[in-house]
Amino acid sequence: MIFRTVFAVLVLFNVLVMAKVFTPSDLIQLARPGIPVASPNGEYAVYAQSAYNISDAKTVRNLYLLNIKEDSVKELTKPVYDISDSEPFFLDDQHVAYFHHDPKEAVDQLYVLDLTKKDQPAYQLTNFPIAFSSLKYNAEHKLLAFSAYVFDSSSLDETFEKDKEIGSTKKDTAMAFDELMVRHWDSYVTEKKNSIFTVRLSIEDNKYKVEGKPVNLLKGTGLESPVFPQGDAGDFDISPDASHIAFLSKINTRDNAWQTSAHIYIISTDGEGTLVSVNSDIPAASSSPHYTSSGQLVYFQMMKPQYEADRNRITVYNPETKERKIIADSWDRSPHEVTSSLDASTLYVTAEEHGRNKIFAIDLKTESIEPLTQEKYAAGLRVLPSGNIFCGVSSMKHPMIPHVLDTKTKEIKAFSIESNLADTLANVKFSDAQDVWFTGALDEKVHGWYLKPAHFEEGKKYPVAFLIHGGPQGAWNDNWSTRWNPQIFAGAGYGVVAINFHGSTGYGQAFTDSIANHWGSHPFFDLETGLDHVLEKYNYLDSERVAGLGGSYGGYMANWINGHSNKFKALVNHDGIFSTMQAYYTTDELYFPEHEFGGSPIHPENRESVEKWSPANYVQNWKTPTLIIHGGNDFRLTTCESLSTFTALQRQNVPSRFVYFPDENHWVLKPANSLRWHKEGKNNLKKKKKLMNLFYLFVRINLNLPLIVLEWIGKYTNEKQPSLHSQM
């Protein structure tokens, strides 16, 4: 008996190793390349890449240089634990600047490498007293712009001194607030605000140096940019002549928690002159300021107040005449990244369309729109001196890879990537992502994705992992994810279904808008109908072994499904809503529920619409085993939502588990939590033969979400055949 068990385990072990299915440990240890940045002459590109090692529980982050002409990649800086390099950019064709982190230093500083002097070490460029980030650089005029959290109207030095004073004199930890927001996303709002600084660089003895002290451009304006807490360098841009910066700032009035209004401003880069408001007359969100080579300012404008998923209109503003014009206003897509041709005649934007993020060319004169790509997910557009577009492209089969797009022929070419990453990707069995279309709610066509189980065998029945995206105004796109990655579930032997229900983005604005006041109707109908469609189309899928999994809105839908459907054997709710009423009074962004549910429940006439789609109203119907996961730093949907869900399940003796990560936000991001999750699975294993346990631990490995999730859904969906998930 022991011999047969050992033999069976070794055979299974050999099959799995040879098969190279994509596992949670592969995902977490797979190198993560950043968006590549091209040199001014278009001959090179540089990017940062990080990689986590499970055994050592440490991450390396270093730089790689791509020779665009030769299509070759080499290390630019060495991968070393605890020391990291990130956010590289070109100062000119031969000098690369980047953030260098050394734990022995209090502040990460910018360092510079000369590409023509291979044996010369990098030298330090900045010596700022406090942390800074969000870099933008105008190479022609050697102007560096960045952001830093400072006290109102303070310089970097003044903030450093005040921080020291507070640290030595303040004995209590109290925080006092007189208005909302109190906290946002995963951070409390503090006295310090994000501000944009500029400083000139110069060259001396063939080395760059900082000239003078950085200037706080927002001093005395009362404005904050980048937008707290998730804003970045995409929130501002430098004009071609480096005389001005256009930036985004959200309103700072007491209604900022229930209004989305965010406006574009222009200010001189020397800190002098008059602040110009570009669009403060529009009480809605705007984003992504970009200067063309002619000095025209392009940005995205929403029109509907309180709605963060309204359509982005492409707006062109003339700083000289102060006239603005919406371009291609009838285009029913919502772009979210923009750059422009060398002659400023054409805009290049990215926009979601049918599960892809495509590149489009928009003629500024005729306003004609031409798609340049059709597949995958493009990001980080840069126009090369040739006029072609250099960018990063990812898909469900690979992370970000540098590409160049010929804007005339539409031919797109992939470049080489770091060898270890290339070898890993080549040796993994990835499932193809197949388009799925069916008729859903409102008698409209609905799109989704299906991934066949890895190493599919004819004649076998397979369980289903039914993934539900968050947002809800978001989408499952053909891009790489380091969190909810469909390939993990396909690799574990599941048929994977991911439906872009009504409310999803990339299918027209009316489709996105349709979820408002219909959270539990149109999307629920789409999900159930889509599941039935896939089960009918692929008869090897087992309708009796379906697990539903989702985060945020997807977690809300897991709770809604529990009270309204009997199609699921197990559910996973990651940071989802239990009570729409409770969530309103504890969330950070009040404009979101007020838009989605028709107003504030403070007013009695709105309470019925807010309560209508609350899962809490149907807890008496809950019967499906549910795994609940929550992050302690999630201020979008607080821990109360998951604790309430767990309480309702436990009180009714419904099988359930609550997994809490006190140091995570709305997402689980820290690789080290994979080790904790590994122990979570290990501690709950039944005691069996030592060899079986060792094999189980080896194969099951340790990743964040998938380990716990695969264990949970496997327990309820793999009952009809031997499985690592249910046989321990």
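Model, not experiment: these values are computed from the prediction. (Residues numbered from 1 in each chain as written. Predicted model: local features only at pLDDT ≥ 70, side-chain atom pairs only at ≥ 80, totals over all residues. Heavy atoms only, no water.)

Novice: Can you tell me about the overall build of the chain, naming the residues and giving the values?
Specialist: Within the chain one finds 15 helices and 39 strands. Scaling as 2.2 N^0.38, a compact globule of 728 residues should have a C-alpha radius of gyration of about 27 Å, and the chain matches this with 26 Å. Across its three principal axes, the chain shows a C-alpha extent of roughly 80 × 65 × 65 Å. In the chain, which comprises 728 residues, the proportion classed as buried is 57%. Look at the contacts in the chain between residues 6 or more apart in sequence, and 59% of them connect residues 24 or more apart. When the accessible surface of the chain is summed, it comes to about 31,200 Å², and 51% of that surface belongs to carbon and sulfur atoms. Taken together, the 71 basic and 87 acidic charged side chains of the chain have centroids lying 9 Å from each other. (Helix = DSSP H or I, 4+ residues; strand = E, 2+ residues; numbered from the N terminus. Rg over C-alpha atoms; globule rule 2.2 N^0.38 Å. Buried < 20%, exposed > 50% of the residue type's maximum accessible area, 1.4 Å probe, protein only. Contact = heavy atoms within 4.5 Å. Areas by Shrake-Rupley, 256 points an atom, 1.4 Å probe, with all protein chains shown as cover. Lys, Arg positive; Asp, Glu negative; His and termini not counted. Charge placed at Lys NZ, Arg CZ, Asp CG, Glu CD.)

Novice: Residues and numbers for the packing of helix α7 (residues 522-537) against helix α8 (residues 553-564), please.
Specialist: Their axes nearest at 11 Å, the elements α7 and α8 cross at an angle of 75°. Compared by their axis directions, α7 and α8 come out roughly perpendicular. Of the residues in α8, those in contact with P523, F524 and L527 of α7 are Y553, M557, W560, I561 and H564. Considering only residue class, the contact of α7 with α8 consists of 7 nonpolar, 1 polar and no charged. (Axes fitted to C-alpha atoms, helices over the stretch in contact; angles between N-to-C directions. Parallel < 35°, antiparallel > 145°, perpendicular 65-115°, else oblique. Nonpolar A, V, L, I, M, F, W, Y, C, P; charged D, E, K, R; others polar.)

Novice: Could you give me a rundown of empty space enclosed by the protein, with the residues and numbers involved?
Specialist: Per the counting criterion, the structure on display carries 2 cavities of 30 Å³ or more. There is about 40 Å³ of room inside the second largest cavity. For the second largest cavity, the full set of lining residues is R311, N312, R313, I314, I327, A328, W331, R333 and P335. Of the residues in the lining of the second largest cavity, the class split is 5 nonpolar, 1 polar and 3 charged. (1 Å grid on protein atoms, 1.4 Å probe; cavity = no way out; pocket = protein on both sides within 12 Å on 5 of 7 lines; lining within 4 Å. Points joined across faces, edges and corners; volume = space filled by probe spheres on them.)

Novice: Describe the sheet that holds strand β18 (residues 262-268), listing the residues and the values that go with them.
Specialist: The 4 strands lie next to each other as β16-β17-β18-β19, forming an open sheet whose pairing is antiparallel. Of all strands in the sheet, those bounded by a partner on one side alone are β16 (236-238) and β19 (276-277). (Pairing = 2+ DSSP bridges.)

Novice: Lay out the nonpolar core with the relevant residues and their values.
Specialist: Of all hydrophobic cores here, the largest spans 44 residues; its most connected members are Y450, F466, W519, L541, Y556 and M557. When residues of this core are assigned to their parent elements, the largest contribution, 6 residues, is made by α8. With 39 residues, the next largest nonpolar core counts L421, I629, V709 and L710 among its residues. (Core = buried A, V, L, I, M, F, W, Y, C linked by side-chain atoms within 4.5 Å.)

Novice: Would you mind going over the pattern of salt bridges in detail, with residue names and values included?
Specialist: Evaluation of the coordinates by the stated rule reveals 26 salt bridges. A salt bridge links R313 to D310; the shortest N-O distance between them is 2.9 Å. There is no split in this pair, since R313 and D310 are both buried. Ionic pairing is found between K358 and E353, a salt bridge with its closest N-O pair at 2.8 Å. Of the residues examined, K358 reaches a relative accessible area of 7% and is grouped as buried. Judged by relative accessible area, which is 16%, E353 ranks as buried. Within this structure, R333, E353 and K358 form a network of salt bridges that share partners. (Salt bridge = Lys/Arg side-chain N within 4 Å of Asp/Glu carboxyl O.)

Novice: Explain the environment of V80 to me, and be specific about the residues and the numbers.
Specialist: Along the polypeptide, V80 turns up in the loop between β5 (72-75) and β6 (84-90). For V80 and P36, which are 44 residues apart along the polypeptide, the C-alpha to C-alpha distance reads 21 Å.

Novice: Describe the pairing of strand β15 (residues 207-216), naming the residues involved and giving the relevant values.
Specialist: Judged from the 7 bridges that link them, strand β14 (residues 193-204) and β15 form a sheet pairing that is antiparallel. Paired with E204 across the strands is K207, a residue of β15.

Novice: Help me get a handle on unusual backbone geometry, residues and values and all.
Specialist: Residue P226 is bonded to the preceding S225 through a cis peptide linkage, with omega at -5°. For the peptide bond that leads from G471 to P472, omega is 0°, which places it in the cis range. Positionally, P472 belongs in the loop between β34 (462-468) and α5 (486-491). The phi torsion at K142 lies on the positive side, around 50°, for a residue other than glycine.

Novice: Can you tell me about the sheet that holds strand β11 (residues 143-150), naming the residues and giving the values?
Specialist: Spatially, the 4 strands line up as an open sheet ordered β10-β11-β14-β15, and their pairing is antiparallel. The strands lining the two open edges of the sheet, one partner per strand, are β10 (133-138) and β15. Mean inter-strand twist for the sheet, computed between neighbouring axes without regard to direction, equals 30°. The pairing of β10 with β11 spans 4 bridges and is antiparallel. Its bridge partner being in β11, Y137 is matched across the sheet by L144. On the sheet, helix α3 (residues 156-169) packs against β11, β14 and β15 and is oriented at approximately 25° with respect to β11.

Novice: Break down the pairing of β18 for me, with residues and values.
Specialist: Burial runs high along β18: 7 of the 7 residues are buried. Of the two faces of β18, both are covered, the one formed by A262, I264, I266 and S268 as well as the one formed by H263, Y265 and I267. Pairing of strand β17 (residues 244-250) with β18, which is carried by 7 bridges, proceeds in the antiparallel orientation. Bridge pairing in β18 links K250 to A262. Across 2 bridges, β18 lies against β19 in antiparallel orientation.

Novice: Summarise α7; cite the residues concerned and give the values.
Specialist: Across its 16 residues, α7 extends 22 Å between first and last C-alpha, which sits within 8% of the 22 Å expected from 1.5 Å per residue. If you check which residues of α7 are buried, you get H522, P523, F524, D526, L527, E528, G530, L531, V534 and L535. Of the surrounding secondary structure, the elements contacted by the buried residues of α7 are β32 (433-439), β33 (445-451), β34, β35 (495-500), β36 (541-551) and α8. (Expected span 1.5 Å × (residues − 1).)

Novice: Residues and numbers for the side chain of D114, please.
Specialist: Relative to the elements of secondary structure, D114 occurs in strand β8 (residues 109-114). Summary of buried charges: D114 has no salt-bridge partner, and the nearest side chain of opposite charge, K117, is 4.3 Å away. One polar contact links D114 to H95, side chain to side chain, over a distance of 3.4 Å. Setting aside anything within four residues of it in sequence, one finds D114 in contact with Q94, H95, Q120 and N206. (Polar contact = N/O pair within 3.5 Å; in protein donor to acceptor, adjacent residues only side chain to side chain.)

Coordinates in, geometry out; function isn't part of it.
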